[in-house]
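Structural overview for review
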Amino acid sequence: MASKPGGGYEYGKLYRSEDKVYPREVKGRFATLRRAAMFVLLGAFYFGPWLTWDHRQAVLFDLPARKFYIFGLTLWPQDFIYLALLLIILAVSLFFFTALAGRLWCGFACPQTVWTEAFSWIEMAIEGDRSKRMKLDKAPWTFDKARKKVLKQILWIALALYTGFTFVGYFSAIRPLTANLLSFQSGPWEYFWVIFYGAATYGNAGFMREQVCKYMCPYARFQGAMFDRDSLIITYDAERGEPRGSRRRGSDAAAQGLGDCVDCTMCVQVCPTGIDIREGLQYECIACAACIDACDGIMDKVGSPRGLIRYSTERALEHKSYRLIRPRTLVYTGILAVLLTSLVTSIALRKPVILDIIRDRNTLYRDVGRQGIANSYAIRVVNKHNEDHDYSLSVSGIEGIRIETDTEISLSGESVVTVPISVTVPHEYASGGHVIHFRLDSTDGSGITVTEESRFRGPTDR
Ligand code: SF4
Ligand code: SF4
């Protein structure tokens, strides 16, 4: 049994399906801003993988090679701490901007909003504005209706598949990917992910739209906890607007006991989530500001000041002053400052070479006669630079300690080499366990030095 709109129940059904929302096209400052944001963000997304930096794709998350290229920065698996830090910074930034500006992210920059805007734009271009779309859906099937519906689906599917292809292009170099996909030489996984992300875009932006914001997005659920009475919200000024009601053009609303709202329902008709902002702040509101544009247009027509629906704060609505500096914003600013400083400093001080010493655990030590006691190690050197480098390896920490094998190591750019070495110590200094220090110095003038500790084990070490 499912509740019907306006009360009552529909027998035989467990859930009531959502009524389709037909948002009306709106023009105004915020609509222009939203469309500009769509072009900039989608442009950056679609153009991003085609950018070249240093003879390679500028942004590439190469999972098989376990290397992430972000312009001049190459992140190795050992550097994933920076990515973790970056994700934490993005999360705290979202908290911070929500406390300051409410759901600005949802309305203008969230991928769900941006792609829904693009899909709606295609839909409106083919099927027309709200009333035409409603009429078309109710009309019986004709050649013209089929032509419009098929054309819309073709454009939606093309955009969705290109989105899936672009997304995969961030993980698999896009130029070879294009050639391989077109010549049907890509692996099955590449086809799978292109179709998977294409289908997700098609489903989310073409059909589910506001349902994603209302029922699937976790941010919509917990954003209330990030709000306070000074957070920017889109709100209807009930004090000014009520009592609402229609009136004749040019008549004195105050004399009729009416507020500024002419009850035209334009704010409801343009709302992509189908809510009425006049009923107060609702979690379904994605702060797209379409109702502000719609209401401003009506206020211009009836000759009343704009801003009956506007960006405001709960405190401002109570005629109290706005507070930018408050405990919540101070805490977020402090956390962000610490995290950003840590990220920038750690990337600036990042060592371009990694030296790993792995002691041979199969033999405790070897007696090599007059040379003394020997221990074996595997030296693993990772050159994170794009350029080739030459290094010299040395060891210290015990009197007479020396490396018996070759100490010169050459590495090409972004490569890893593992070299077995043998270290000896004269008998008289070798007994017991010792901490020893390996040092790698570049010999090509690049001034790179890196050190690493290990352990030397002699005859009486336990
Ligand atoms: S109430 Fe206004 S701001 Fe909120 S989703 Fe609807 S149109 Fe957008
Ligand atoms: S658009 Fe403005 S005037 Fe029209 S119903 Fe909404 S709040 Fe009232």
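Refer to the structure above for everything that follows.
Residues numbered from 1 in each chain as written. Chains lettered and ligands numbered in written order. Predicted model: local features only at pLDDT ≥ 70, side-chain atom pairs only at ≥ 80, totals over all residues. Heavy atoms only, no water.

Across its full length, the protein chain carries 16 helices and 18 strands. For 462 residues, the compact-globule formula gives about 23 Å, and the C-alpha radius of gyration of the protein chain, at 32 Å, lies well above that figure. The principal-axis extent of the C-alpha atoms belonging to the protein chain is close to 110 × 60 × 50 Å. Every one of the 462 residues in the protein chain was classed for burial, and the buried ones make up 43%. Partitioning the contacts of the protein chain with sequence separation of at least 6, the portion at a separation of at least 24 is 67%. Carbon together with sulfur atoms contributes 62% to the accessible area of the protein chain, which is approximately 25300 Å² in total. Put simply, the protein chain has 55 plus and 48 minus side-chain charges, and the middle of one group is 9 Å from the middle of the other. (Helix = DSSP H or I, 4+ residues; strand = E, 2+ residues; numbered from the N terminus. Rg over C-alpha atoms; globule rule 2.2 N^0.38 Å. Buried < 20%, exposed > 50% of the residue type's maximum accessible area, 1.4 Å probe, protein only. Contact = heavy atoms within 4.5 Å. Areas by Shrake-Rupley, 256 points an atom, 1.4 Å probe, with all protein chains shown as cover. Lys, Arg positive; Asp, Glu negative; His and termini not counted. Charge placed at Lys NZ, Arg CZ, Asp CG, Glu CD.)

The next thing to look at is the sheet that holds strand β18 (residues 449-457). With antiparallel pairing, the four strands of this open sheet are ordered in space as β15-β13-β17-β18. For this open sheet the edge positions go to β15 (408-411) and β18, each flanked by a neighbour on one side alone. Strand after strand, the sheet turns through a mean of 25° between neighbouring axes, direction not considered. Relative to strand β17 (residues 433-442), strand β13 (residues 389-396) runs antiparallel, the two being bridged by six bridges. By the bridge assignment, Ser 392 is partnered in β17 with Asp 441. (Pairing = 2+ DSSP bridges. Axes fitted to C-alpha atoms, helices over the stretch in contact; angles between N-to-C directions.)

Strand pairing in a sheet relies on backbone hydrogen bonds. The paired strands run either parallel or antiparallel. Strands sit in the order β5-β6-β7 across an open sheet of three strands; the sheet is antiparallel. Strands with a single pairing partner mark the edges of an open sheet, and in this sheet they are β5 (59-62) and β7 (73-75). Across the sheet, the axes of successive neighbouring strands diverge by a mean angle of 10°, strand direction being ignored.

What follows covers helix α8 (residues 188-208). The terminal C-alpha atoms of α8 lie 28 Å apart, and with 21 residues this matches the ideal 30 Å at 1.5 Å per residue to within 8%. Considering only its buried residues, α8 is in contact with α4 (111-127), α6 (143-169) and α7 (174-182). At the exit of α8 stands Arg 209, carrying a positive phi of roughly 40°. (Expected span 1.5 Å × (residues − 1).)

This part is about the packing of α4 against α8. Their axes nearest at 8 Å, the elements α4 and α8 cross at an angle of 75°. Taken as axis vectors, α4 and α8 run roughly perpendicular relative to one another. In this structure, α4 uses Gln 112, Trp 115, Thr 116 and Phe 119 to contact α8, whose residues at the interface are Thr 201, Tyr 202, Asn 204, Ala 205 and Gly 206. Tallied by class, the residues present in the contact of α4 with α8 amount to four nonpolar, five polar and no charged. (Parallel < 35°, antiparallel > 145°, perpendicular 65-115°, else oblique. Nonpolar A, V, L, I, M, F, W, Y, C, P; charged D, E, K, R; others polar.)

Let us now look at the layout of surface pockets. What the largest pocket holds in volume is close to 1000 Å³. Taken together, 28 residues make up the lining of the largest pocket; nearest its centre are Leu 41, Leu 90, Trp 105, Ala 109 and Pro 111. Mapped onto the lining of the largest pocket, the elements with two or more residues apiece are α1 (29-47), β5, α2 (80-101), α3 (104-108) and α4. Among the elements that make up the lining of the largest pocket, the one with the highest residue count is α2 (nine residues). Broken down by class, the residue content of the lining of the largest pocket amounts to 25 nonpolar, three polar and no charged. Looking at the second largest pocket, it is lined by 28 residues, and the ones nearest its centre are Pro 23, Arg 34, Glu 117, Ser 120 and Pro 272. Of all the secondary structure elements, the ones that give two or more residues to the lining of the second largest pocket are α1, α4 and α9 (210-216). (1 Å grid on protein atoms, 1.4 Å probe; cavity = no way out; pocket = protein on both sides within 12 Å on 5 of 7 lines; lining within 4 Å. Points joined across faces, edges and corners; volume = space filled by probe spheres on them.)

This next bit is on the environment of Cys 110. Mapping Cys 110 onto the fold places it in the loop between α3 and α4. When the C-alpha positions of Cys 110 and Met 38 are compared, they lie 9.8 Å apart, and in sequence the two are 72 residues distant.

Pro 243 follows Glu 242 through a cis peptide bond whose omega is -5°. Take Pro 243: it is sitting in the loop between α11 (238-241) and α12 (266-269). Non-glycine residue Arg 209 carries a positive phi angle of around 40°. Among the secondary structure elements, Arg 209 is positioned in the loop between α8 and α9.

Let's shift gears to the environment of Ala 254. Inspection of the secondary structure puts Ala 254 in the loop between α11 and α12. Under the relative-accessibility criterion, Ala 254 is labelled exposed at 61%. Sequence separation between Ala 254 and Met 216 is 38 residues; the distance between their C-alpha atoms is 44 Å.

Looking now at the site of ligand 1. Lining the immediate surroundings of ligand 1 are 13 residues, of which Cys 271, Cys 285, Cys 288, Ala 289 and Cys 291 lie closest. Spatially, ligand 1 is embedded in the largest cavity. By residue class, the composition of the shell around ligand 1 is 12 nonpolar, one polar and no charged. (Near = heavy atom within 4 Å. Sits in = over half its atoms within 2 Å of the grid points.)

In this section: the packing of aromatic side chains. What the rule picks out here adds up to 28 aromatic pairs. By way of ring pairs, the aromatic residues Phe 61, Phe 68, Phe 80, Phe 167, Phe 171, Trp 189, Phe 192, Trp 193, Phe 196 and Tyr 197 are connected into one cluster. A cation over an aromatic ring shows up here: Lys 145 above the ring of Trp 141, its NZ or CZ 4.6 Å from the ring centre. (Phe/Tyr/Trp six-rings, centres within 6.5 Å; stacked < 30°, edge-to-face > 60°. Lys NZ or Arg CZ within 6 Å of the ring centre and 35° of its normal.)

It is worth spelling out helix α15 (residues 327-348) at this point. Given a rise of 1.5 Å per residue, 22 residues ought to cover 32 Å, and the 32 Å separating the end C-alpha atoms of α15 matches this to within 8%. Residues of α15 that are buried include every one of Thr 329, Tyr 332, Leu 336, Leu 339 and Leu 343, and no others. Down the axis of α15, the buried set is contained in an arc of 105°. They therefore lie on one face. Residues of α15 that are exposed and angled more than 90 degrees away from the buried face: Pro 327, Leu 330, Val 338 and Ala 348. On the buried face of α15, the contacting elements are α2. (Arc of directions from axis to C-beta.)

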